[in-house]
Amino acid sequence: MRKKQNGFRRPVITKNKRNNKQPESQPSVDPITGKKIPKSFVFARGKLPVPLKQLQMDLRKLMLPYTALSLKEKKRNSLRDFLNVAGPMGVTHFLILSKTASAPYLRVATTPQGPTLTFKIQEYALAADIARSQLRPRCPKDLFKNSALIVLSGFVSGDLPLRLTTNMFQNIFPTIDVKTVKLASCQRIVLLNYNKDTKLIDFRHYSIRLQPIGVSRRIRKLVQSHQVPDLRNLQDVSDFVTKAGYGSESEADEEAATVTLSSNIGRVNRAATKSAVRLQEIGPRMTLQLVRIEKGLCSGEVLFSEFASGKPGDKGKTDNEIDNNDEDSEGGEDDDQDEDGEDLEDNDEELD
């Protein structure tokens, strides 16, 4: 019978050993901007229902490629375990999901000393739900090869909570140099829109698609597919180009939604030509409410609390509920002591 161990056990993240190949190491510093590339862990505190577990996986995909997609946590892992692994691997941010009796919460924290922003998830939709609602879901194989762009809208107030929220989300994704960035690498965008009346943040995730202006959909499909078209029912090849019925021949050209490309992107979007910018939602989708800001990493002085009564040291009812949930999840030191294996494993990649 295994004896109870004192102290915490250092988590281990294993290397990928499939086909005896080592994972490609990722840079820790952007060679263009010289800034440290932000990397993240997305994990849960406490037990999550199945939909929230899927939301956790959707958030991991959203944070690719600088996150641990297949991170496996055990119930006995404490926040300190994750923090001890984060340092050597260059992890700069934690995204922590939790569930209380009243609502799910998302914490976004900067390692190793904070601050920590706690959001109440008012509503959410999974990436699978978004795909099922669309006639033609779009997910190219290289969609998650590069980081998403971040766009903030409505964060114009000088209030401390909004300033900290703006700074947090701006720093959680790698910065780009507009003069040197490759347009082909800009395939996803994360949009956060703040409504000052409701104090809610709409969190959306889109794929970016370019369509050449003045080119019919049939021609685009022909160039992209590399396949010989079916001309059996046509009298002339010109009928294939001009015949309607295969989608819209030329989608509406809106000047405000067009760009002039500086380089070639794919086979149909050529340099010095105009292309229409199309956004297609890929999820996940969330409606967030900022409820608390802590100076430290999930602890320390409370800089902002939406539900505090105003008395010194009073965190508010909802804040205490979050604290109790986190304490319960940290108290699993003796759980799963008979299980074999490391506390944390990532069998697909290393972040460093």
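See the structure shown above.
Residues numbered from 1 in each chain as written. Predicted model: local features only at pLDDT ≥ 70, side-chain atom pairs only at ≥ 80, totals over all residues. Heavy atoms only, no water.

Q: Just checking my understanding: could you explain the overall build of the protein for this structure?
A: Within the protein one finds seven helices and 13 strands. Buried residues in the protein amount to 41% of all 352 residues. Sequence-distant contacts, at least 24 apart, represent 71% of the contacts inside the protein between residues at least 6 apart. (Helix = DSSP H or I, 4+ residues; strand = E, 2+ residues; numbered from the N terminus. Buried < 20%, exposed > 50% of the residue type's maximum accessible area, 1.4 Å probe, protein only. Contact = heavy atoms within 4.5 Å.)

Q: What is the right way to read the pairing of strand E5 (residues 116-125) from this model?
A: Of all the ten residues making up E5, seven are buried; the element is thus mostly covered by neighbouring parts of the structure. Of the strand pairs in this sheet, strand E4 (residues 104-110) and E5 are connected by five bridges, and their pairing is antiparallel. Bridging across to E5, Leu-106 finds its partner in Phe-119. Counting the residues in the hairpin turn of E4 and E5 gives five residues, including Gly-114, whose phi is positive at 90°. Sheet analysis places E5 next to strand E11 (residues 285-294), joined by nine bridges and oriented antiparallel. In the strand pairing of E11, Glu-123 is matched with Thr-287. (Pairing = 2+ DSSP bridges.)

Q: Teacher, can you tell me more about the packing of aromatic side chains here?
A: Think of a pair of aromatic rings as described by two things: how far the centres are apart, and how the planes are tilted against each other in angle. Across all of its chains, the model carries five aromatic pairs by this definition. Taking 6.2 Å as the distance between ring centres and 10° as the angle between the ring planes, the aromatic pair formed by Phe-41 and Phe-94 counts as stacked. Residue Phe-41 is located in strand E1 (residues 40-44), and its partner Phe-94 is located in strand E3 (residues 93-99); the two are separated by 53 residues in the primary sequence. The class for Phe-94 is buried, based on a relative accessible area of 0%. (Phe/Tyr/Trp six-rings, centres within 6.5 Å; stacked < 30°, edge-to-face > 60°.)

Q: Can you help me understand the nonpolar core in this one?
A: A general tendency of soluble globular proteins is for nonpolar side chains to be buried together. In terms of nonpolar packing, the biggest core is built from 33 residues, with Leu-55, Leu-106, Phe-119 and Met-286 touching the most fellow members. Judged by nonpolar contacts, the second largest core, of 15 residues, contains Phe-41, Leu-79, Phe-82 and Cys-298. (Core = buried A, V, L, I, M, F, W, Y, C linked by side-chain atoms within 4.5 Å.)

Q: Quick question: what am I supposed to make of the pairing of strand E7 (residues 188-195) here?
A: Working note: regular strand, side chains alternate between the two faces of the sheet. The sheet contact formed by strand E6 (residues 149-153) and E7 spans five bridges and is parallel. Paired with Ile-150 across the two strands is Val-190, which belongs to E7. In this fold, the crossover linking E6 to E7 by way of helix H4 (residues 160-171) has left-handed handedness. (Right-handed = clockwise from strand over helix to strand, strands pointing away.)

Q: Just to check I follow, could you spell out the pattern of salt bridges for this structure?
A: Two side chains with opposite charge may pair up if their charged atoms get near one another. Taken as a whole and judged by the stated rule, the model has four salt bridges. Residue Glu-73 pairs with Arg-60 through a salt bridge whose shortest N-O separation is 3.4 Å. Of the two residues, Glu-73 sits in strand E2 (residues 71-73) while Arg-60 sits in helix H1 (residues 50-62), which places them 13 residues apart along the sequence. Classification of Glu-73 as partly exposed rests on a relative accessible area of 26%. Here Arg-285 and Glu-281 are joined by a salt bridge, their closest N and O atoms 2.8 Å apart. Judged by relative accessible area, which is 13%, Glu-281 ranks as buried. (Salt bridge = Lys/Arg side-chain N within 4 Å of Asp/Glu carboxyl O.)

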